[in-house]
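# Notes for the structure review
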Amino acid sequence: MKVLAIDTSNLVMGVSVISDGKIVGELTTNMKKNHSVRLMPAIANLLEEVDIQPKELDRIIVAKGPGSFTGVRIGVSVAKTMAWSLNIPITGVSSLEVLAQNGKYFDGWVCPLFDGRRGQIYTGLYGNLDNRFQLLQEERIMQLTDWIDTIKDESKKVLFLGNDLPLHREKIDELLGERAVFGQAADHNPRASELAALGVAREGEDPHTFTPSYLRLAEAEAKWLADQKK
């Protein structure tokens, strides 16, 4: 099986190709540049580099959110369009789950996070249970302080991952103390190869009916719905 994985759900842009279980190519950038301009050339260049034609792909895997509304939409739109045009299935994987994989060998809980503004974070709790790295507390968006209250009574150390961590590290330190562990520089970028590996093990979906996961409405959508109720 040959698959292409795409992640533009946050500032990091990642593209990866897996062929018959082997990671044959991966591109990751972490810079403030327009994903809509850079994604398709990145895909074309990577496929050319690994000598795989688009028509040889069996599936498209995409980070489906949460994250930047614009970023999620770019990745999902490209993934759906490619899957539809190639007549192949699409598989979505949580963007938080992809990031959490960087801590899958940590002896404790793993907390990936993206900034959600106004003191909120997108997050979830992962860890090894029954010899499998899995979701322990459902992904959500909530106030950081409320989230820490939710996990502070656990006994294990918590590894925090994410490029938005500097926005919240001081408060996490204050509330969790020595139980808080912070990833190093290489731990904070989600890897498209991990996205690909996760997606390969899951069922594909019809690209026509595939939808992203925002965990909340965009501000404009929320305002529109509120106006309809007046």
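Cut-offs used in this document
- Residues numbered from 1 in each chain as written.
- Predicted model: local features only at pLDDT ≥ 70, side-chain atom pairs only at ≥ 80, totals over all residues.
- Heavy atoms only, no water.
- Helix = DSSP H or I, 4+ residues; strand = E, 2+ residues; numbered from the N terminus.
- Rg over C-alpha atoms; globule rule 2.2 N^0.38 Å.
- Buried < 20%, exposed > 50% of the residue type's maximum accessible area, 1.4 Å probe, protein only.
- Contact = heavy atoms within 4.5 Å.
- Areas by Shrake-Rupley, 256 points an atom, 1.4 Å probe, with all protein chains shown as cover.
- Lys, Arg positive; Asp, Glu negative; His and termini not counted.
- Charge placed at Lys NZ, Arg CZ, Asp CG, Glu CD.
- Axes fitted to C-alpha atoms, helices over the stretch in contact; angles between N-to-C directions.
- Parallel < 35°, antiparallel > 145°, perpendicular 65-115°, else oblique.
- Left-handed = near helix turned anticlockwise from the far one by under 90°.
- Nonpolar A, V, L, I, M, F, W, Y, C, P; charged D, E, K, R; others polar.

## Overview of the overall build of the protein chain
Counting its secondary structure elements, the protein chain contains seven helices and ten strands. Relative to the 2.2 N^0.38 estimate, which gives 17 Å for 230 residues, the radius of gyration of the protein chain is 18 Å and therefore close to what a compact globule would have. The principal-axis extents of the C-alpha atoms in the protein chain amount to approximately 50 × 50 × 35 Å. A buried classification covers 49% of the 230 residues belonging to the protein chain. The contacts in the protein chain between residues at least 6 apart in sequence include a share of 66% that link residues at least 24 apart. For the protein chain, the accessible area works out to roughly 11,900 Å², and carbon and sulfur atoms hold 49% of it. Distance between charge centroids for the protein chain: 4 Å, based on 27 positive and 31 negative side chains.

## Considerations on the packing of helix α1 (residues 35–49) against helix α2 (residues 69–86)
A packed helix pair is summarised by two numbers, namely the angle formed by the two axes and the spacing between the axes. The contact between α1 and α2 brings their axes to 10 Å, and the two run at 40°. In this view, α1 runs oblique relative to α2, as classed from their interaxial angle. As for how α1 packs across α2, the hand of that crossing is right-handed. Of the residues in α2, those touching α1 at H35, S36, L39, M40 and I43 are I74, G75, V78 and M82. For the contact of α1 with α2, a count of residues per class yields six nonpolar, three polar and no charged.

## Comments concerning unusual backbone geometry
Following G65, the chain continues into P66 via a peptide bond in cis, with omega recorded as 5°. One non-glycine residue, D20, lies in the positive phi region at around 50°. Looking at where D20 falls in the secondary structure, it is placed in the loop between β2 (12–19) and β3 (22–30). With phi around 60°, N131 is a residue other than glycine that occupies positive phi space. Along the polypeptide, N131 turns up in the loop between β7 (120–129) and β8 (132–143). Given the relative accessible area of 85%, N131 is considered exposed.

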